[in-house]
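Structure assessment
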Amino acid sequence: MEALMRQMQAMQGGVPAADGPALDTAETLHISSLALLKMLKHGRAGIPLEVMGLMLGEVVDDYTVSVVDVFAMPQSGTGVSVESVDPIFQKAMLDMLERTGRSDVVVGWYHSHPGFGCWLSGVDVNTQRSFEALSDRAIAVVIDPIQSVKGKVVIDAFRLINPQSAAMGKEPRQTTSNLGHLERPSVQALVHGLNRHYYSININYRKNELEQKMLLNLHKSAWDYGLVPDDYHKLCETNTNTLSEMLELAKLYNKSVEEEMTLTAEQLAIRHHGKRDPKRHLSDKVDVLMSENITQCLRAMLDAVAF
């Protein structure tokens, strides 16, 4: 409203108020790994219907919005639309989060478009308008769980364009960076009102140390994965092959030591360029052999004591 009043004063020849924070093309939405995984899991669980939820985080500054977690909302949806937010459930959920010490606030909402790309429908625009009435920095995230494959997530973030600014021919955001224009919009999104009724916001993904450990442990099937001993026959065969390789490397290393007496300093500096260094490989083989066998012995002793 303040921006609209400044524009009207400028058109009437009045003195505009001092410039306030303006939306910028450099604005970036940072989504944590946990939030992204929960959105994908929720979206795939609802196929072929749409699902929705709220995003928790904080508005860091004029150029950054951070999403650290999400939670699903109970609602009924169809293949192309989803109902609006349940305020009673939202209030109860936020109260429970506050009791657990979570100080995050709602920075927007997300919903899925299973199989038909990322864009905002008329119902989505109305839902986003209700969020922006509470916070002008609120963001709508759309995720496609069907088109998302391993290594690539089909996701986009949007915010509405002020219709008064559009009627005056004014750009919805000031341009100080090309971050908001790095990804080419899809034809389907342009047909459904992208850059006319809403614009896209750049998305970035970040993970902290704990989230990285969580992602590395996703492939483990159970808590006792690291306690199960390896097959002794396979381990014996692996040890035999490793010792044979170590024997060959030891011969090469012995030959290398003998050659050091006859080579100059320049030749010594470049003699391993483009070749295998027997000393380094021998050290690596010893480390692998010792660690595997020590781990196997510890697993066997633990199983003998515990079971």
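Residues numbered from 1 in each chain as written. Predicted model: local features only at pLDDT ≥ 70, side-chain atom pairs only at ≥ 80, totals over all residues. Heavy atoms only, no water.

**As for the overall build of the protein chain**
Selection rule: Comment: elements are numbered from the N terminus, with helices defined as DSSP H or I runs of at least four residues and strands as E runs of at least two. For every residue, the accessible area obtained with a 1.4 Å probe (protein chains only) is divided by the maximum for its type, and the residue is called buried under 20%, exposed over 50%, and partly exposed between those limits. By definition in these notes, contact holds between two residues if any of their heavy atoms fall within 4.5 Å. For the area figures, the Shrake-Rupley method with a 1.4 Å probe applies, and any residue is considered shielded solely by the protein chains shown.
Per the secondary structure count, the protein chain includes 10 helices and 7 strands. Scored against the burial criterion, the 307 residues of the protein chain give a buried share of 34%. If you take every contact in the protein chain between residues at least 6 apart in sequence, the share linking residues at least 24 apart comes to 75%. Of the accessible surface of the protein chain, which amounts to about 19,500 Å², a share of 59% is contributed by carbon and sulfur atoms.

**Focus on the sheet that holds strand β3 (residues 64-72)**
Let me state the cut-off plainly: Two strands make a pair as long as DSSP finds a minimum of two bridges between them. Structural elements are reduced to axes, namely lines fitted to C-alpha atoms, with helices fitted over the stretch in contact, and the angle between N-to-C directions of any two is expressed from 0 to 180 degrees.
Spatial ordering of the closed barrel is given by β1-β3-β2-β4-β5-β6-β7, a layout of 7 strands whose pairing is mixed. This sheet shows a mean twist of 35 degrees between the axes of neighbouring strands, independent of strand direction. Sheet topology places strand β6 (residues 152-160) next to strand β7 (residues 198-206); 4 bridges connect them, and they run antiparallel. Residue R159 lies in a different strand from β7, and its bridge partner there is Y199.

**Some words on the confidence of the model for the protein chain**
Stated precisely, the cut-off is as follows: By definition, pLDDT measures how confident the predictor is in each residue, and it falls between 0 and 100.
For the protein chain, per-residue confidence averages 81 on the pLDDT scale, and residues scoring 70 or more make up 84% of the total. Counting contacts from residues 6-20, a segment whose pLDDT is below 50, to residues more than four positions away or on other chains yields 12 contacts.

**A short note on the pairing of β7**
Summarising the sheet, strand β1 (residues 28-32) and β7 pair through 5 bridges and their orientation is parallel. What sits directly across from T28, in β7, is N202.

**Here's the deal with helix α8 (residues 232-259)**
Formally: Expected helix span is given by 1.5 Å per residue-to-residue step, counting one fewer step than there are residues. Identification of polar contacts relies on pairs of N or O atoms within 3.5 Å, with a donor-acceptor requirement for protein atoms, meaning one able to donate a hydrogen and the other able to accept it, and with residues adjacent in sequence counted only if both atoms are side-chain atoms.
Given a rise of 1.5 Å per residue, 28 residues ought to cover 40 Å, and the 40 Å separating the end C-alpha atoms of α8 matches this to within 8%. Residues of α8 that are buried include every one of L235, N239, T242, M246, L249 and S256, and no others. Capping the start of α8 is the job of one residue whose side-chain oxygen sits 3.1 Å from the backbone nitrogen of H233: D231.

**Concerning the side chain of H42**
Turning to its location among the elements, H42 is positioned in helix α2 (residues 33-45). Among the polar contacts listed, one links the side chain of H42 to the side chain of Y110, at a separation of 2.8 Å. With residues near it in sequence (within four places) discarded, H42 still touches V51, M52, A72, M73 and Y110.

**Overview of the nonpolar core**
Note the following rule: Remark: nonpolar core denotes a set of buried residues (Ala, Val, Leu, Ile, Met, Phe, Trp, Tyr, Cys) joined through side-chain atoms within 4.5 Å.
Ranked by size, the top nonpolar core spans 22 residues in total, and within it L54, F71, W109, L120, F158 and Y198 carry the most contacts. Contributing elements (two or more residues each) for this core: β2 (52-61), α4 (122-134), β5 (139-149) and β6. Those residues in contact with Y198, other than ones at most four positions away along the chain, are W119, L120, V125, F158, R159, L160, I161, A189, H192 and G193. Core analysis: the next-biggest nonpolar cluster, separate from the first, contains 21 residues, A35, M55, V107 and I139 among them.

**Some details on a nonpolar patch on the surface**
Worth spelling out the cut-off: Here, patches come from residues exposed beyond 30% relative accessible area and free of salt bridges, joined within 9 Å for like charges and within 5 Å for nonpolar side chains (Val, Leu, Ile, Met, Phe, Trp, Tyr). By convention in these notes, a salt bridge is any Lys or Arg side-chain nitrogen within 4 Å of a carboxyl oxygen on Asp or Glu.
On the surface, V286, M290, I294, L298 and M301 cluster together into a nonpolar patch covering about 470 Å² of accessible area. With respect to the secondary-structure elements, L298 resides in helix α10 (residues 278-306).

**Observations concerning the pattern of salt bridges**
Summed over the entire model, instances satisfying the criterion amount to 10 salt bridges. Across the pair R137 and E27 runs a salt bridge whose closest N-O atoms are separated by 3.0 Å. You can see R137 sitting in the loop between α4 and β5 and its partner E27 sitting in the loop between α1 (2-11) and β1, a full 110 residues away along the chain. For E27, a relative accessible area of 1% puts it in the buried group. Residues K38 and D69 are paired through a salt bridge, measuring 2.9 Å at the closest nitrogen-oxygen approach. Of the two residues, K38 is situated in helix α2 and D69 in strand β3; the sequence distance between them amounts to 31 residues. With a relative accessible area of 9%, D69 lands in the buried category. If you follow the salt bridges from partner to partner, you end up with K38, D69, R102 and D104 in one network.

**Focus on the packing of aromatic side chains**
This is how the line gets drawn: Within 6.5 Å between ring centres, the rings of Phe, Tyr and Trp (the latter by its six-membered ring) count as paired, and their orientation is classed by plane angle as stacked under 30 degrees, edge-to-face over 60, tilted in between.
Applying the stated criterion to the full structure yields 3 aromatic pairs. Between F116 and W119 the ring centres are 5.9 Å apart and the planes differ by 55 degrees, which places this aromatic pair in the tilted class. In this structure F116 comes out as buried when scored by relative accessible area, which is 17%. Look at W119 and you get buried, because its relative accessible area is 9%. Their ring planes at 75 degrees and their centres at 5.1 Å tell us that F158 and Y198 sit as a pair that is edge-to-face. Taken together, the residues F158 in strand β6 and Y198 in strand β7 connect sequence positions 40 residues apart. In this structure F158 comes out as buried when scored by relative accessible area, which is 0%.

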